Amino acid sequence: MRLRDLSIRAKVLVTGLGALLFVLGVGALASFRYWEREQFALTAEHAVLAARALRPGIEGALAHGQVGAARRQLDALVARPPAAGYRVVLNDGRVLVASRRPEEGLPRSGTPLPDPWDIPTDGLTLRGRGESAASVVVPLAGVGGGRATLELLLDTRRINAAIRRGRSFGLALTTVLGIAYAVVLGLMLEREIMAPLWQLKAGLARASAGEAGVRVGLERKDEFGRLGASVDALLAKEERSQQLAVTRGRALAEQAGFAQVGALAAQIGHEIKRPLAGIQSAIELISQEYAMSDGERGLLTRVEDQLQQVDRTVRDLLSLAKPVGLNAQPAHLSSIVDAALVRVSGTPGADHVTVIRGYDPADPELVVDSGRLEQAVTNLVGNAIEAMPEGGVLRVTTRPAEGGQELVVADTGVGIPPKNIDQIMKPFFSTKPHGTGLGLALVARIVEAHGGRLWVESQVGRGTTFHVILPPTPPASQGATP
Ligand code: ADP
Ligand code: MG
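Numbering of residues begins from 1 in every chain and follows the order in which that chain's sequence is written. Written order decides the labels, with chains lettered from A and ligands numbered from 1. Given that the model is predicted, a residue must reach a pLDDT of at least 70 before its local features are reported, and side-chain atom pairs must reach 80 or more before they are shown or counted; all residues, however, enter totals for whole chains, interfaces and linings.

A few points about the nonpolar core
Defined as follows: Structurally, a nonpolar core is described as a collection of buried Ala, Val, Leu, Ile, Met, Phe, Trp, Tyr and Cys residues joined by way of C-beta atoms within 7 Å. To sort residues by exposure, count the other C-beta atoms lying within 10 Å of each residue's C-beta; 20 or more gives buried, 12 or fewer gives exposed, and values between give partly exposed, all with C-beta atoms placed from the backbone. Numbering of helices and strands runs from the N terminus, with a helix taken as a DSSP run of H or I at least four residues long and a strand as a DSSP run of E at least two residues long. Any residue pair is listed as a contact if its two C-beta atoms, each placed from the backbone, are within 7 Å.
With 44 residues, the main nonpolar core has Ala376, Val377, Leu380, Val381, Ala384 and Val443 as its most contacted residues. Among the elements of the structure, helix 5 (294-321), helix 6 (333-344), strand 8 (365-368), helix 7 (370-386), strand 9 (392-401), strand 10 (404-411), helix 9 (439-449) and strand 12 (463-470) are those that each provide at least two residues to this core. Here this core takes 8 residues from helix 9, the largest share from any one element. Sequence-distant contacts of alanine 376, defined by excluding residues within four places in its chain, comprise Leu442, Val443, Ile446 and Val447. Of all hydrophobic cores here, the second largest spans 30 residues; its members include Leu62, Leu90, Ala134 and Val137.

Given below as C-alpha cells:
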C-alpha cells in the first residue's frame, strides 16, 4: 500500500509520528553524547585535582626513597572513587610503585604513556579505547633521577552506570513525550481535520439525499472554512436550479388541474361578474342621486371597496382560467416594468417603500405580450410592497442572463417561511386576510407561456427575491398572435 492510498488520518499520523521520532531520536542522541562527555570530564577533573594535590608529597617521599610513605598516600587516594588504581612509572618505562604489587619492578605494559616531559604539570586525561579505559597522568619531578609519571586509573564503572541510568531515564522520558505528542496530535487531527471533514461529508450526504436548504455551515477561518463556504455556495446554486425546475414542473401540473377547475372557475366568474356590475352601477347611482349623511356615505364607500375586491378576485380568476394566448410584440422590458411600477404607486403602503431601479443599459427588445407581462410584474411588485408594511426597499433590476433577460424583484420585507415556499405558487394560497392567492399562480402561468423561468429565494425577516428569465422570443407554439 502506498502512502497516497492511506486516509488523511493515517497519513497525518504516520508523517507526524515519523517526524516526532526523528526529532526526539536526534535530540536524545545528541544530549546523551553531550551528557556522557560532561560526566566523564567531571570525573577526570576530580581525579586530576586529587593527583595534583598529592604530587608534592609523593615527589618528596620518592626523592628520599620513602616508597612506603608514597604508597600510603596513594593507597589513601584510591580508597575513594573515582580513582581505582595507580602506578608510578619511571623514565625508562619501569613501574616503581603500583596498586597491584606484582607490576612493581617490571616494565609497564599496555597503551604507552606520553613522554613525561610532554605532560603539562597540570596533568592530562587519557581516554583509551572503550569506555572502561580511562586514566589521569601527572608528571613527577626528581624521581629516579629524572621525570616520572604518576598514572591514576579511573573507576569508569561508576561513570558507565550513571550513563546507563541517564539513558534509561532519557528513553523513558522520550517514550512518555512521544505518547503525549501522539495523543495531542490525534486530538488536533480529530478537531482540526476530521471534524470539519465529517461535517462536510454529512452536509453533502443530506443534500444528496434530497433534503432542502442544507448548508454545511463550517464557520472557520482556515482552508476548511473556505471549502465549506464554496460547498455552501454550490449547494445554494444547485438548490436554485432545483427550485426553478420545481416551479416549472408545478406550473405544468397545475395547468393540467386547471383544465377542469379552470372551466368551472370561469363559469362562476362570469356568473358573478354580471350581477357585480349591476350592484356597482346601482351604488354609483345611489351616491349621486340621494342626499346622505357622512356616516351613510362612509358606509357606502366601504361597500364600494369590498365590491372592488370581489371584482379584482373575479378578474384574477378569469385571467387565470383563460388559456394564456400571447399577443407578442417587440418591447423593452424596462418600459413594461416602469408601467407596472406606476400601477402600484397608488396602492396603500407604496409611499413607505423606496424603489431602486437598476435597468440593463443595453435593454434589448424582447418579443413579449406587454399587457400580460405588465400584469405579472404588477403582481410581483404589489406582493413586495405588501410584504413591507413598515416600509423598506424594493429593488427592481433587469440584466442579461443565460437564456434571455432576467428580471429581479427584491424586497426587504417579511420573507417567506420555508414551509410556505412550496405553496405560494398554488392558486388560492394566501397568507393575507384579503388575499386571493391568485397573483403568483398567474405570474407563473404568464412566465411559462413566454417560455421563461421563475424562481424565488427568501429569508424570513430579511426579504424575498423573485427571479424571472424571459427568452428573446416566446416558444413557437405561443409566438403567433391569437
Ligand atoms: P396574495 O398576494 O393574494 O396573497 P399571491 O399568489 O400573490 O397571493 O401570493 C401568495 C402568498 O405568497 C402571499 O399570501 C404571501 O404569503 C406570499 N408572498 C408572495 N410574495 C411575497 C413577498 N414578496 N414577500 C413575502 N411573501 C410573499
Ligand atoms: Mg398577490
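There is more to say after this.
With respect to the site of ligand 1
Let me state the cut-off plainly: Put plainly, near means the residue's C-beta atom, positioned from the backbone, lies within 6 Å of the molecule or strand in question. Classification convention: Asp, Glu, Lys, Arg as charged; Ala, Val, Leu, Ile, Met, Phe, Trp, Tyr, Cys, Pro as nonpolar; all other residues, Gly among them, as polar.
Taken together, the neighbourhood of ligand 1 is formed by 22 residues, with Asn383, Ala387, Ser430, Gly435 and Gly439 sitting nearest. Elements with a contribution of two residues or more to the shell around ligand 1: helix 7 and helix 9. Residues belonging to the shell around ligand 1 are distributed by class as follows: 9 nonpolar, 11 polar and 2 charged.

Observations concerning the domain arrangement of the protein chain
Rules: What marks off one domain from the next here is an automatic or database domain assignment.
Domain boundaries assigned for the protein chain yield domain 1 (3-162) and domain 2 (325-478). Taken over C-alpha atoms, the centre of domain 1 sits 99 Å from the centre of domain 2.

Thoughts on helix 6
What counts is decided by this rule: What a helix is expected to span follows from its residue count: subtract one and scale by 1.5 Å. Directions from the helix axis toward the C-beta atoms define the arc.
Its 12 residues place the ends of helix 6 17 Å apart at the C-alpha level, agreeing with the 16 Å of an ideal helix rising 1.5 Å per residue. Turning to helix 6, its buried residues are Leu333, Ile336, Val337, Ala340 and Val344. Around the axis of helix 6, the buried residues are gathered within 95 degrees of arc, so they sit on the same side. Tucked inside the fold, the buried residues of helix 6 contact strand 6 (329-332), strand 8, helix 7, strand 9 and strand 10.

Digging into the sheet that holds strand 1 (residues 83-89)
To be explicit about the condition: When DSSP finds at least two bridges between two strands, those strands are taken to pair. Axes here refer to lines fitted to C-alpha atoms; in helices the fit is confined to the stretch in contact. Angles between the N-to-C directions go from 0 to 180 degrees.
Taken together, 5 strands build an open sheet; the order of strands is 2-1-5-4-3 and the sheet is antiparallel. Because the sheet does not close on itself, it has two edges, and the strands there are strand 2 (95-98) and strand 3 (124-127). Direction aside, the axes of adjacent strands within the sheet are offset by 25 degrees on average. With 3 bridges joining them, strand 1 and strand 2 adopt antiparallel strand pairing. Residue pairing across strands places valine 89 opposite valine 95, the latter belonging to strand 2. Strands strand 1 and strand 2 of the sheet are contacted by helix 2 (residues 67-78), whose axis makes an angle of about 155 degrees with strand 1.

Considering the pairing of strand 8
The side chains of a regular strand alternate between the sheet's two faces. The two faces of strand 8 differ: Leu366 and Val368 on one face are buried, but Glu365 and Val367 on the other face are not. Note that strand 6 and strand 8 share 4 bridges and pair antiparallel. Considered in strand 8, the bridge of proline 330 is made with valine 367.

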